[in-house]
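# Geometric and topological summary
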Amino acid sequence: MNIVVVVRQLADLVEELEVNAEGTDIDRDFVKFVANEWDEAALEEALCLKETVGGTVTVVALDEPDVDQTLWTAAAKGADRLVKLTGNDPDGWVRTRERAARVAAWLRDNQPDLVLTGVQAADDVDGQTAGVLAAMLGWPHAAVVVGVEPDGSQVTVTQELGGGTLAISTLRTPAVLGIQAARQAPRYAPISRIRQAQQSTPIEEVGVPEPEVGALATVRRLFPPPAKGGAQMLEGSAAEVAEQIVEILRSKGLVRA
Amino acid sequence: MAVAVLVVSERLVGEVPDVTFELLGKGKELATSLGGELGVAVIGSGVGELPFGAADVAYVVDDPVLSSYAPSVFERALRAVVEAASPSVVLMSTGTAGIDLAASLAASLGAPMASYAIDLATEGETIVATSQLYGGKLLAEVALEGRPAVVSVIPGSFPADAGRAGGAPRIEAVPVAGLGEAGAQGMSIREPEATGVDITASDLLVSVGRGIGSKENLELVQELADVLKVPLAASRPIIDQGWLPKPHQVGKSGKKVKPAVYLALGISGAPEHLEGMRSAGTIIACNTDPKAPIFEVAHYGTTVDLFDLVPELTERLGG
């Protein structure tokens, strides 16, 4: 089974995000870019599938900050082939419609059996990649996927829909799946293996021409949510804060102590 | 009168979820300002008896093929409804259909789309969505020109009551050919397994998030939960890492909880999590990042390190 995993870089949410001078995007100059965590789940599921049924795992990304590191890490974990699609603005906010159109152009020439990607990304305001890719390719799709079992020319998927309800369905391949969680936690690649991959696995660069994308959503303004006053902060040392929390629990009749 | 807004009713099993009524309530308001009617798309098998809330017209696709769920099959049915109703706006929730179908529907129609909306307004012909991005750290004001504007809305963004007020909508059956030929087939729907742990029944919950760092560290918070004799709850990353089983999860894809007190330890407060716990009576949050979104919904907060705080709590409550 030949599997393509579509991955992307994303601003590290652990860091503080500033809005740019125009007020329409994050200030990308001082942001650390990391792999989208759901894409890591998609890669893990792909590697598990390869280990179970055989085949290859190709990891595809657009040209984004520090993406080479993410691609080599994927190779260190067991991906066979790394592809970087160039032509997008590496320093801009690539919307899903454009991202999917670029990846779809490459997929049409590289007919895999299965495409996996993260179920969502923290900035995919104009829609999640899996569904848009599937629409562009005319392939069946499913999102919020937590289980994948290949079976000949079809794949059985388990989706986790609202409130933990599971829906099980079969899809004809090729299909596009938005992965919520892999069958196991994403594996870890030690630095030494990543360095090794850097030597042994080349990143193939493929230029993709500017795609035609339909009606886009225009982000007129990006801004931090207005503070609602929020929480009353408990001050003091850990012991003093603990004392205050115990007092709150006591006032609610939840502890006797 | 033309249909201005179409809401997708999102029931897979059991009752029609609250979010459908939330969308119907907001949809009614939008439809009025756009000078049109409110439609609801009801797609499934044997769905004729379901409530249609505030809708003026119900588009029903009722087919045995839809008795279980496959996204591409439902999408085909939904496209037929959108073509029949020709609305200006299509509303779904990020809970189910929005995350599964909205993006592909919009892309295949060549229509603009906004995800993760928490508010919606009209400016003349333009639909303006306010969307929550970057885990709730930033909001985006998104203008959608072009028709239909497809919007997926975060559950809990609007009150449900306005959408429940039922009228007597016109019913339009929408025939859809080739539902069995979408390249996909629903097999079964499984409701969450009932297990010994019921995090929805406790008056007090100790809940842990990514800040705990590792599976080994969970022991620390488990001890606190044990001395309080309450179940340990967790946010999505803990479950996805396999550190705790699914029944412990609070949030959109887990359980909705409403304890008297919710103690959130090392939880940043992503929208997915807030959806499951924001109605708790008193929320106490511990997170070293003073800007964590959890502090927006918490009643009490502290930026003390949970590794310092939790042993102090366990010691005081253990006696």
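Scroll up a little and you will see the structure.
So, a few notes on the structure that sits alongside this text. Being a predicted model, the structure only gives us computed values, none of them experimental.

### Observations regarding the interface of chain B and chain A
Across the boundary between the two partners, chain B contributes 84 residues, which contact 82 residues of chain A. With both sides pooled, the region where chain B packs onto chain A buries about 6800 Å², and carbon together with sulfur makes up 60% of that total. Where chain B meets chain A, there are eight salt bridges. Put simply, A:Glu37 and B:Arg236 hold a salt bridge, and the shortest N to O gap is 3.7 Å. One can count 34 residue pairs in polar contact (both at pLDDT 80 or more) joining chain B with chain A. Of the residues that constitute the side of chain B that touches chain A, the class distribution is 42 nonpolar, 24 polar and 18 charged. Taken together, the two bridges between strand S13 (residues 232-233) of chain A and strand S15 (residues 300-302) of chain B define a ladder with parallel strand orientation. When the sheet's bridge partners are listed, A:Gln232 is paired in S15(B) with B:Tyr300.

### Focus on the packing of aromatic side chains
Tallying each qualifying case throughout the model produces one aromatic pair over all chains. With a centroid separation of 4.7 Å and an interplanar angle of 50°, the aromatic rings of B:Tyr69 and B:Phe74 are classed as tilted. Residue B:Tyr69 is classed as buried on the basis of its relative accessible area of 3%. The ring of A:Phe223 carries the charged tip of A:Arg221 above its face, separated from the ring centre by 3.9 Å.

### Section: the sheet that holds strand S7 (residues 141-151) of chain A
Reading across the sheet, the ten strands line up as S11(A)-S5(A)-S4(A)-S1(A)-S6(A)-S10(A)-S7(A)-S8(A)-S9(A)-S10(B) and stay open at both edges, with mixed pairing between neighbours. Every other strand in the sheet has two partners, leaving strand S11 (203-207) of chain A together with strand S10 (184-190) of chain B as the edge strands with one partner each. On average, each strand axis in the sheet is inclined to that of its neighbour by 30°, with strand direction left out of account. In the sheet, strand S4 (residues 56-62) of chain A pairs with strand S5 (residues 81-86) of chain A via five bridges, with the strands oriented parallel. What sits directly across from A:Val59, in S5(A), is A:Leu82.

### Concerning the packing of helix H2 (residues 71-85) of chain B against helix H3 (residues 97-109) of chain B
Packed helices, taken two at a time, are described by the angle between their axes plus the distance between the axes. Residue and element names in this part refer to chain B. Running from N to C, H2 and H3 point in directions that differ by 55°, and their axes come no closer than 10 Å. Regarding the angle of H2 to H3, the classification is oblique. The handedness of the crossing between H2 and H3 is right-handed. Residues Pro-71, Phe-74, Glu-75, Leu-78, Arg-79 and Val-82 of H2 form the contact with H3, whose own contacting residues are Asp-100, Leu-101, Ser-104, Leu-105, Ser-108 and Leu-109. Grouping the amino acids of the contact of H2 with H3 by side-chain chemistry returns seven nonpolar, two polar and three charged.

### What to know about the environment of B:Leu24
Residues and elements named next belong to chain B. Secondary-structure assignment places Leu-24 in helix H1 (residues 18-33). For Leu-24, a relative accessible area of 1% translates into the label buried. With 30 residues separating them in the primary sequence, Leu-24 and Ala-54 have C-alpha atoms 6.1 Å apart. Once you skip the residues sitting within four places of it in the chain, Leu-24 turns out to touch Val-7, Leu-38, Val-40, Phe-52, Gly-53, Ala-54, Ala-55 and Gly-163.

Procedures and definitions
Residues numbered from 1 in each chain as written. Chains lettered and ligands numbered in written order. Predicted model: local features only at pLDDT ≥ 70, side-chain atom pairs only at ≥ 80, totals over all residues. Heavy atoms only, no water. Contact = heavy atoms within 4.5 Å. Buried area = accessible area lost by both parts, 1.4 Å probe. Salt bridge = Lys/Arg side-chain N within 4 Å of Asp/Glu carboxyl O. Polar contact = N/O pair within 3.5 Å; in protein donor to acceptor, adjacent residues only side chain to side chain. Nonpolar A, V, L, I, M, F, W, Y, C, P; charged D, E, K, R; others polar. Pairing = 2+ DSSP bridges. Helix = DSSP H or I, 4+ residues; strand = E, 2+ residues; numbered from the N terminus. Phe/Tyr/Trp six-rings, centres within 6.5 Å; stacked < 30°, edge-to-face > 60°. Buried < 20%, exposed > 50% of the residue type's maximum accessible area, 1.4 Å probe, protein only. Lys NZ or Arg CZ within 6 Å of the ring centre and 35° of its normal. Axes fitted to C-alpha atoms, helices over the stretch in contact; angles between N-to-C directions. Parallel < 35°, antiparallel > 145°, perpendicular 65-115°, else oblique. Left-handed = near helix turned anticlockwise from the far one by under 90°.

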